[in-house]
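# Descriptive analysis of the structure
Each chain, letter by letter, is given below.
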Amino acid sequence: VPGACGAEIQGLDLSQPQSDEVICAIREAFVQHHVVFFREQHLDPAAQVAFGERFGVLEDYPFVAPLPGHPKVIPIVKEPDETSNFGGGWHTDLIYRPVPPMGTMLYAVEVPQRGGDTLFADGIKAYEALSGAMQGLLGQLQVEYNVRHVMRDIDERDNATTQGNRSMPSQSDQEVLNTSPVHPLVRTHPESGRKGIYFSREHTIRFAGMTPGESKPLMDWLQAHLTQPIFTTRFHWTPGALAFWDNRCLIHCALNDYHGERRYMHRLTIAGDKPV
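For every chain, the first residue of the written sequence is number 1, and numbering continues from 1 onward in sequence order. Local features are withheld for residues below a pLDDT of 70 in this predicted model, meaning they are given only at 70 or higher, and side-chain atom pairs are given and counted only at 80 or more; totals for whole chains, interfaces and linings count all residues. Side-chain descriptors were evaluated using all non-hydrogen atoms of the structure, hydrogens and water having been removed beforehand.

### Some thoughts on the overall build of the chain
- Numbering of helices and strands runs from the N terminus, with a helix taken as a DSSP run of H or I at least four residues long and a strand as a DSSP run of E at least two residues long. Tallying secondary structure elements over the chain gives 7 helices and 15 strands in all.
- Burial status across the chain gives 53% buried among its 276 residues.
- Here, residues are in contact when the closest pair of their heavy atoms is within 4.5 Å. Relative to all contacts within the chain whose residues are 6 or more apart in sequence, the contacts with residues 24 or more apart total 85%. Three exposure classes are used, based on accessible area relative to the maximum for each residue type with a 1.4 Å probe and protein chains only: buried under 20%, partly exposed in between, and exposed over 50%.

Written as structure tokens, this is what we have:
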């Protein structure tokens, strides 16, 4: 896979049970490359769940109704008449939870003829490219997260009820709206031991102990640094493609450049641990 992160794994039929040795090899590639891709798969929801469970406990996703009969599989849909999309903007999935997920597994059921790619940016490589002084500065910072202002911004654009924004919580989701966990800006990966920038600008309120106004300039710089082309990979979806990415060290962005066409995906979320 061209780019800063990612590896494409070939020769496997993921609809069939995989040996422990194969799962171990996939896990090693996942930890090393931070996102792994598989093409030309034929996965019904049950097969995707069976594969996902080999890597950890599957989590519920709170804001989107799952597929009937498959409570861990959520549909990610943008219909031809919709203008907003699910996952647009650089972010890390569910970072606003006290214990964010380890990984996300997304399977392409139907894709547009052109567009709809996903961009990934590597927080470990972005951190390792910094000077020692900047690494030391960032290592002292904690970040406060909440999904509240993301929902407000969507509401103000008057498109919160479209299919593409079904991930936004309603006002009744008070537990999520009123939870603002604090996570370290520099996270040590629990499997590789490497340090990386752990940051989701879209869900960020401020650095802990600072005002939003004081936080904004450095947050804007972090976003610009992390999303430089040298740290990114672009994945072009094809029918039957599956991507499995590491939320502990990547941010991603679903491009919204296919108006008038349908994009339909199935997503799993795999539980993680508290960032340190």
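Let us keep going from here.
### Some points on the nonpolar core
- One finds Tyr-61, Phe-120, Leu-185, Ile-197 and Trp-237 to be the most contacted residues of the largest nonpolar core, which totals 49 residues.
- Residue contacts for Phe-120: discarding those within four places in its chain leaves Cys-5, Val-35, Phe-37, Trp-90, Phe-231, Thr-232, Thr-233, Phe-235, Trp-245, Leu-250, Ile-251 and His-252.
- Remark: nonpolar core denotes a set of buried residues (Ala, Val, Leu, Ile, Met, Phe, Trp, Tyr, Cys) joined through side-chain atoms within 4.5 Å. The next biggest cluster of nonpolar side chains, apart from the first, holds 26 residues, and it includes Phe-38, Phe-51, Val-77 and Met-102.

### With respect to the packing of aromatic side chains
- Ring pairs shown here join Phe, Tyr and Trp side chains whose ring centres sit within 6.5 Å, with only the six-membered ring taken for Trp; geometry is labelled stacked below 30 degrees between planes, edge-to-face above 60, and tilted in between. In the structure shown here, the tally under the stated rule is 9 aromatic pairs.
- Geometrically, the ring pair formed by Phe-38 and Phe-51 is edge-to-face, given 5.9 Å between the ring centres and 85° between the ring planes. Here Phe-51 lies in helix H2 (residues 45-52) and Phe-38 lies in strand E2 (residues 35-38), a separation of 13 residues in the sequence.
- Taking relative accessible area as the criterion, Phe-38 reaches 0% and is therefore assigned buried.
- Through pairs of rings, three or more aromatic residues link up here, namely Phe-30, Phe-38, Phe-51, Phe-55 and Phe-244.
- Above the plane of the ring of Tyr-258 lies Lys-78, whose end atom (NZ or CZ) is 4.3 Å from the centre.
- The lysine or arginine in question, Arg-187, covers the ring of Tyr-198, its NZ or CZ lying 4.8 Å from the ring centre. To sit over a ring, a charge needs its Lys NZ or Arg CZ within 6 Å of the ring centre and within 35 degrees of the ring normal.

### Structural notes on empty space enclosed by the protein
- A 1.4 Å probe that fits into a set of points on a 1 Å grid over the protein atoms alone but cannot get out defines a cavity; an open set with protein on both sides within 12 Å along at least five of seven lines defines a pocket, and lining residues are those with an atom within 4 Å of a point. Grid points are joined across faces, edges and corners, and a volume is the space filled by probe spheres set on the points. Inspection of every chain in the model, using the stated rule, returns 1 cavity of 30 Å³ or more.
- A volume near 40 Å³ is recorded for the largest cavity.
- The wall of the largest cavity is formed by Ile-76, Val-77, Lys-78, Asn-85, Phe-86, Tyr-258, Arg-263 and Met-265.
- Residue assignment for the lining of the largest cavity shows that the elements contributing at least two residues are strand E4 (74-78) and strand E15 (263-270).
- Across the lining of the largest cavity, the residue classes tally to 5 nonpolar, 1 polar and 2 charged. Gly is put with the polar residues, along with every residue not named as nonpolar or charged; the nonpolar set is Ala, Val, Leu, Ile, Met, Phe, Trp, Tyr, Cys and Pro, and the charged set is Asp, Glu, Lys and Arg.

### Description of the sheet that holds strand E6 (residues 118-122)
- For two strands to be treated as a pair, DSSP must find at least two bridges joining them. If you walk across this open sheet you meet the 3 strands as E12-E6-E14, and the pairing is antiparallel. At either end of the open sheet lies a strand with only one pairing partner, and these are strand E12 (232-235) and strand E14 (250-254). Averaged over all adjacent pairs, the angle separating strand axes in this sheet is 20°, with direction ignored.
- Bridge count between E6 and E12: 4 bridges; the pairing is antiparallel. Along E12, the bridge assignment pairs Phe-120 with Thr-233. Every angle, taken between N-to-C directions, lies between 0 and 180 degrees, and every axis is a line fitted to C-alpha atoms, over only the stretch in contact when it is a helix.

### Quick notes on helix H7 (residues 212-226)
- Working rule for helices: expected span equals 1.5 Å times residues minus one. Between its first and last C-alpha, H7 extends 20 Å over 15 residues, near the 21 Å set by a 1.5 Å rise per residue.
- The largest bend in H7 amounts to roughly 25° and is located at Leu-218.
- Along H7, the residues classified as buried are Ser-215, Met-219, Leu-222, Gln-223, His-225 and Leu-226. Values of bend correspond, residue by residue, to the angle between axes fitted over the seven residues ending at that residue and the seven starting there.

### Overview of the pattern of salt bridges
- By salt bridge we mean one thing: a side-chain nitrogen of Lys or Arg within 4 Å of a carboxyl oxygen of Asp or Glu. Throughout the structure, instances matching the rule amount to 16 salt bridges.
- Its salt-bridge partner being Asp-117, residue Arg-234 comes within 2.8 Å of it at the nearest N-O pair. In this pair, Arg-234 sits in strand E12 while Asp-117 sits in the loop between strand E5 (103-110) and E6, placing the two residues 117 residues apart along the sequence.
- On the accessibility criterion, Arg-234 (49% relative accessible area) is partly exposed.

### Re the sheet that holds strand E8 (residues 182-184)
- If you walk across this open sheet you meet the 3 strands as E8-E7-E11, and the pairing is antiparallel. The open sheet has two free edges, formed respectively by E8 and strand E11 (204-207), since each of these has just one partner strand. Between one strand and the next, the sheet's axes are offset by a mean angle of 30°, whatever the strand orientation.
- Looking at chain direction, strand E7 (residues 142-145) and E8 are connected through 3 bridges and run antiparallel. If you follow Gln-142 over to E8, its bridge partner there is Pro-184.
- Taken strand by strand, H7 contacts E7 and E11, and its axis lies near 105° from that of E11.

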